[in-house]
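What follows is each chain in one-letter form.
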Amino acid sequence: MVTFGAAALRAPGALDRMGRSLSHRGPDDRQLLVDPRAALGTERLRITDPTPDAAQPFTDPSTRVWLSCNGAIYNAEALRTQYATYPFRSDSDVEPLLPLYLDLGVEAVAQIDGMFAIAVWDMNAQHLILARDRSGEKPLFYTNIDDEVWFASELQPLLEHPSLVRRLDRRALADYLRLGYAREPRTMLTGIRKVEAGTAIVFSARSTRVHRYWRPESIEPQDIAVPEARERLALLLQTAVAKQVVADVPVGVFTSGGLDSSLLALLASQARGTLGLHTFAVGFPDPSYDERAYAAQLAGYVGSRHIEVTADDDRLRDALDTISTRVAEPVADPAMLPTYLLAQAAREHVGVVLSGEGADELLGGYPTYVGHRLAPRFTSLPGLARRAIRSLVGRLPPSHAKVPLEFLLKRFTAHAAAGVLERHVAWFGTGLDTRVFLDRPLDDGDELFDYLPAEHDALRRVMLFDYRTYLPDNLLAKVDRATMLVSLEARSPFLDRDVVAFALGLPTELKVRKTHTKWLLKQLGERWLPQAIVRRRKRGLSVPVARWLNGRLRDYLDRLLAPERVRDGGLLDPALVAQLISEHRGNRANHARALWTLLILERWRERWLGA
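Per chain, residues are indexed from 1 in the order of the written sequence. For this predicted model, a pLDDT threshold of at least 70 governs which residues receive local features, and a threshold of 80 or more governs which side-chain atom pairs are given and counted, while totals over whole chains, interfaces and linings are taken from all residues. Side-chain metrics in this entry use all non-hydrogen atoms of the structure; hydrogen atoms and water are not considered.

Participant: Would you mind showing me how to read the pattern of salt bridges here?
Facilitator: Between side chains of opposite charge, a pair can form as their charged atoms come close. Put simply, a salt bridge is a Lys or Arg side-chain nitrogen that is within 4 Å of an Asp or Glu carboxyl oxygen. Tallied over the full model, the rule gives 35 salt bridges. The partner of R603 in a salt bridge is E606, with the nearest N and O atoms 2.9 Å apart. With a gap of 3 residues between them, R603 and E606 both fall in helix α23 (residues 592-608), about one helical turn apart. The exposure class assigned to R603 is buried, which follows from its relative accessible area of 14%. A 1.4 Å probe rolled over the protein chains alone gives each residue an accessible area, and that area as a share of the maximum for its type sets the label: buried under 20%, exposed over 50%, partly exposed in between. Residue classification places E606 among the partly exposed positions, given a relative accessible area of 22%. A network of salt bridges, in which partner residues are shared, links R25, K138, E154, E329, D480 and R481. Per the convention used, a helix needs a DSSP run of H or I reaching at least four residues, while a strand needs a run of E reaching at least two, with both numbered from the N terminus.

Take a look at the structure:
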């Protein structure tokens, strides 16, 4: 916390309470720096240099600059060499950021290779800098009330602010209902914001300035031959994994036996050796969700020590209770539950895990991307043919299996004729829209996509949208909160800065070809992995929500979405909510995604707003 107005901080004692609410992120050490106008604290998870010398916050030799960082800095050794005359006190990967800042100021963030959320308080310049990594792997929240800036790695510490009003941000709510997440910089509370991925915010008494050092939309596609692209991607991934398995604690890999995680496990075994390498997989009683056999096959192939977790209904319900009680954001991705169970198991063996986030958005992994390729062909059919296909698809009975073909076909035919960005949200979103508001206050329209250059081809635009929104605001938030709840650090090699820059510059034809997703990555996988892994249909980590809502969570759903409770909340239309429940229960439609989104929202309002 830093004040730019009053002579001194109004509530410096809150810093201790803020730290305690974040102790799960760093249970190994706590250090506070306090003066009348600023206070900075760090809850430390010891990954690199476990000695007391590496405790944060760090200060420069004059003690006029304070720096704290959550994350991992992969070019730390190169920075130590660059600033060899600086009097380092530790072997920490974070401390080299101090001489880098002293040299370059806010421009330093563009030189950092890593995942990070950084706070720098400079007493000489009288400014505070808050910065995040390019893809948004590490979170950073802040509130600016009465010229006093508070900041933290999660939202709940900021609720300690005595002047903060817990008021719902209705535009963030519109995002959440339509997409399943609130887009940065907004949060669900009007008084709290996120530092956007790829930016630094400079606060001073005179101004608040956003410095955007990373602009993924500015990277243009390059003309590159397939052999060259394949070799370049191979080298970049090998280098990224080699950087990210460096730690003073054991390292593991979350794996499903699919392409992305299998590549990471293989490269990790090559970079670190199989001795001590762990792989972790989650299984479900429902066979359509269970991927343990594939993960075990991969573990045998790379020679890792393999550990499995069973996510039955009771354990998933316990995970839901824990997450909704301790995480002050409504994360509507049900995969957060098995991710949390995986993290619990992994923390007993390792301090760091590698995870495959980013591969789908950067290299074309989602079935919706194939849908965008096929939509023009469908809409070019004669109207009679289109109506006949829609009629046939509409008669298919709803399925509660994992990503059923029936569900995909219904969404495809219903929205194929829409504009590319609108149909992407219709296919990829929750299935809800602002009609669930009682007063229908918002109509975002194209505002969702206003930063995307119009000249990009359709597939490039939606992939960039997913990279800029779905990845940081949903997937990375899910992984970070789930793993850090148990003090486990997750790293994503596909989000290495050089991998990201290369992937964003690839033509979409190397990512999606005909009905094949992740085409180039599969070309690479065929060199290193068994065909059964490379060509297996993408399934993704999820839970049997459709069945669960009619079974184990039936009473929970009925309580939180009871008509009188919905009506008293004043946000949702009770009749529309009741219709969704009735159709889902009667097996007339699969509204699992929409109902889960509403369920998580109402549980969040109950826990964190007292609604």
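Participant: So what exactly am I meant to see when it comes to the packing of aromatic side chains here?
Facilitator: Both the distance between ring centres and the angle between the ring planes are used here to describe each pair of aromatic rings. Ring pairs shown here join Phe, Tyr and Trp side chains whose ring centres sit within 6.5 Å, with only the six-membered ring taken for Trp; geometry is labelled stacked below 30 degrees between planes, edge-to-face above 60, and tilted in between. Summed over the entire model, instances satisfying the criterion amount to 12 aromatic pairs. With 5.5 Å between their ring centres and 25° between their planes, F412 and W427 make a pair best called stacked. Remark: W427 occurs in helix α14 (residues 420-428) and F412 occurs in helix α13 (residues 405-415); sequence separation between them is 15 residues. The class of W427 is buried, set by a relative accessible area of 9%. Grouped by ring-pair contacts, the aromatic residues Y181, Y366, Y369, F428 and Y470 constitute a single cluster. Lysine and arginine charges are scored as sitting over a ring when NZ or CZ, respectively, is within 6 Å of the ring centre and within 35 degrees of the ring normal. A cation over a ring is seen here: R607 above W608, with NZ or CZ 3.9 Å from the ring centre.

Participant: Sorry, what's going on with the sheet that holds strand β13 (residues 251-254) here?
Facilitator: Taken together, 5 strands build an open sheet; the order of strands is β15-β14-β13-β16-β17 and the sheet is parallel. Of all strands in the sheet, those with a lone pairing partner are β15 (305-310) and β17 (489-491), marking the two edges. Each strand axis lies, on average, 30° off the axis of its neighbour in the sheet, ignoring direction. In this scheme, strands are said to pair when DSSP sees at least two bridges between them. When β13 meets strand β14 (residues 278-283), the two strands line up parallel, connected through 3 bridges. Counted as the bridge partner of F254 is F280 from β14. Sheet strands in contact with helix α6 (residues 259-272) are β13, β14 and β16 (352-354), and its direction is about 165° off that of β13. Each axis is a line fitted through C-alpha atoms, taken for helices only over the stretch in contact, and angles between the N-to-C directions span 0 to 180 degrees. Residue contacts follow a heavy-atom distance rule, with two residues in contact if any of their heavy atoms lie within 4.5 Å.

Participant: Just checking my understanding: could you explain the side chain of D286 for this structure?
Facilitator: Of note, D286 is situated in the loop between β14 and α7 (292-302). The residues contacting D286, other than those within four sequence positions of it, are P544 and R547.

Participant: What am I meant to see in unusual backbone geometry here?
Facilitator: Both trends apply: most residues other than glycine have a negative phi, and most peptide bonds are in trans. Cis geometry marks the peptide bond from Q56 to P57; its omega dihedral reads 0°. Going from E184 to P185, the amide bond is cis rather than trans, its omega being 10°. Assignment of secondary structure puts P185 in the loop between α4 (170-179) and β10 (193-194). Within the chain, D146 stands out as a residue other than glycine whose phi angle is a positive 55°.

Participant: It is not clear to me how the environment of Y142 should be interpreted in this structure. Could you clarify?
Facilitator: Relative to the helices and strands, Y142 is located in strand β8 (residues 141-145). Separated by 265 residues in sequence, Y142 and F407 place their C-alpha atoms 39 Å apart. Setting aside chain neighbours within four positions, we find Y142 in contact with L130, V149, W150, F151, L158, G191, I192, R193, K194, V195, I201 and F203.

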